[in-house]
Structures are given as structure tokens and as C-alpha cells.
Amino acid sequence: MAYYRFQRQYAIAATEVQVFGGFIADVLAGDGKEFVEVEIKVSKEDFYGDFSHKSEKHTAYLDTTLHVEGTLKEKDFLTVPNRFYYGVPKELAKEALGILKDTPYGLIYVDPEDPKLSLNGHIKVVKHSAVINRLYPKKLERRAAARMSSELITLYAELLGLS
């Protein structure tokens, strides 16, 4: 979230936001022009399992025929992010890149040990995401803003001992 908020200057950066098909984005960031979803995977099994557990979502995100021929309803585009990334540990990046090379998906890795990477997130973009939705998903704006305020209120309540 820090990478999108502080380095990329996106106004919105939230966790656990509902996207297309009722699936939950680990991170969703928006700048008023586009929304980026980042799915965090911490192991090889977790990475591979995502494709089978969320096949409906990946069918919609990956099958460009759906976008070109209009198979998705217009209301569906309001909950599909414009770009999609996997975020993985550095050790998984090379293998993940091999799997994602022929997809529109992007890949980032986290390396808190690399002094060349920013203090705001230690993020390295390995592969940029292509656009998977050309329309601005307006519904995600409201969902992400609501989630951000919920996260903030919950954090304050915990800090003040009110939860």
C-alpha cells in the first residue's frame, strides 16, 4: 500500500476490497484514472492455488475475448480493476514471471533487504501489467474508500482500547 500511496501518489490504497465476482483484492489502489489490484502470494503453492481457486475471476481477467466482444456485461466492468499484479517474495519472482509471461498480468516483488528500493515499500516491478479493463471501474472507488475508512476507524478504536 505504501508503494502506491507514497511512490505512485495514488489517492486510494486499501486492503481486502471486494472486486469482480465477489472476490477480495488483497490490495486495491486508485488514482482517479485507474485501479490496480495486487494479489499477494507468499509461497509457490499459494501462487499456483490462486489460479484454481479463483478460476472465474481469472477467466474474466485473462480472456481478452470477453473484453473485445463484450461478453462481460457493462456492470461487470465497474468491478474489474484496470490492471492486475501479483506481489510475491523475491525468491518466487523468477518462477512466477515464467508463468505470467504470456498474460496481461504484472508482477512485483517485495525485498526489504535491498537498499536500492524505496523505504516506502521495498517494491520492485518485474513485469508491468497490461490494461485488462479500459473503463474506469467507478464502483471500486466507493468500495475502496469505504474500506479505507473502515480500516482507519478500526485502527483508531484498537489504539484507544475501544475495540
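Our subject is the structure listed above.
For the structure given in this document, a descriptive report is provided here. (Residues numbered from 1 in each chain as written. Predicted model: local features only at pLDDT ≥ 70, side-chain atom pairs only at ≥ 80, totals over all residues. Heavy atoms only, no water.)

**What about the packing of aromatic side chains?**
For any two aromatic rings, the description comes down to two numbers: the centre-to-centre distance and the angle of the planes.
Part 1: What the rule picks out here adds up to twelve aromatic pairs.
Part 2: For the pair Tyr-3 and Tyr-4, a centre-to-centre distance of 4.9 Å together with 80° between the ring planes defines the contact as edge-to-face. Of the two residues examined, Tyr-3 and Tyr-4, each falls in the buried class.
Part 3: Taken together, a centroid distance of 5.1 Å and an interplanar angle of 85° make the contact between Phe-84 and Tyr-86 edge-to-face.
Part 4: The exposure class assigned to Phe-84 is buried, which follows from its relative accessible area of 0%.
Part 5: A relative accessible area of 0% means that Tyr-86 is categorised as buried.
Part 6: Among the aromatic residues, ring-to-ring pairing joins Phe-20, Phe-47, Tyr-48, Phe-51, Tyr-61, Phe-84, Tyr-86 and Tyr-105 into one connected group. (Phe/Tyr/Trp six-rings, centres within 6.5 Å; stacked < 30°, edge-to-face > 60°. Buried < 20%, exposed > 50% of the residue type's maximum accessible area, 1.4 Å probe, protein only.)

**Remarks on the nonpolar core**
Part 1: Counting 28 residues, the largest nonpolar core has Val-19, Leu-28, Phe-47, Tyr-61, Tyr-86 and Val-88 as the members making the most contacts within it.
Part 2: Those elements that place two or more of their residues in this core are strand E1 (12-18), strand E2 (24-30), helix H3 (55-62), strand E4 (83-89), helix H6 (90-100), strand E5 (106-110) and helix H7 (138-159).
Part 3: The element that contributes the greatest number of residues to this core is H6, accounting for four residues.
Part 4: Excluding residues within four positions of it along the chain, Val-88 makes contact with Lys-41, Phe-47, Ala-93, Leu-107, Ile-108, Tyr-109 and Val-110.
Part 5: Counting residues in hydrophobic clusters, the runner-up holds ten residues, among them Tyr-3, Val-36, Tyr-85 and Ile-108. (Core = buried A, V, L, I, M, F, W, Y, C linked by side-chain atoms within 4.5 Å. Helix = DSSP H or I, 4+ residues; strand = E, 2+ residues; numbered from the N terminus. Contact = heavy atoms within 4.5 Å.)

**Structural notes on the pattern of salt bridges**
Part 1: The tally for this structure, following the rule as stated, stands at twelve salt bridges.
Part 2: We note a salt bridge from Lys-54 to Asp-50, for which the minimum N-O separation is 3.4 Å.
Part 3: Here the salt bridges do not stand alone but share partners, grouping Glu-37, Glu-39, Lys-41, Asp-46, Asp-50, Lys-54 and Lys-57 into one network. (Salt bridge = Lys/Arg side-chain N within 4 Å of Asp/Glu carboxyl O.)

**Considerations on the sheet that holds E4**
Part 1: The sheet built from six strands is open, its strands ordered E1-E2-E3-E4-E5-E6 with mixed pairing. With partners counted over all chains shown, the strands left at the sheet margins are E1 and strand E6 (123-127), one partner each. Neighbour to neighbour, the strand axes of the sheet diverge by 30° on average, direction disregarded.
Part 2: Here five bridges tie strand E3 (residues 35-40) to E4, and the two strands are oriented parallel to one another. Following the sheet pairing, Val-38 is matched in E4 by Tyr-85.
Part 3: The strands touched by H3 are E3 and E4; relative to E4, the strand with the most contacts, the crossing angle is about 125°.
Part 4: Sitting on the sheet, H7 touches E1, E2 and E3, and the angle it makes with E1 is about 100°. (Pairing = 2+ DSSP bridges. Axes fitted to C-alpha atoms, helices over the stretch in contact; angles between N-to-C directions.)

**Digging into the pairing of E2**
Part 1: Of all seven residues in E2, six are buried; the element is thus mostly enclosed.
Part 2: Here six bridges tie E1 to E2, and the two strands are oriented antiparallel to one another. Following the sheet pairing, Ile-12 is matched in E2 by Gly-30.
Part 3: Between the end of E1 and the start of E2, which pair antiparallel, lie five residues, with Gly-21 showing a positive phi angle near 70°.
Part 4: Direction of pairing for E2 relative to E3: antiparallel, over a ladder of four bridges. Within E3, the position partnered with Ala-29 by the bridge is Val-36.
Part 5: Hairpin connection, E2 to E3: the antiparallel pair is bridged by four residues, and Gly-32 has positive phi, about 90°.

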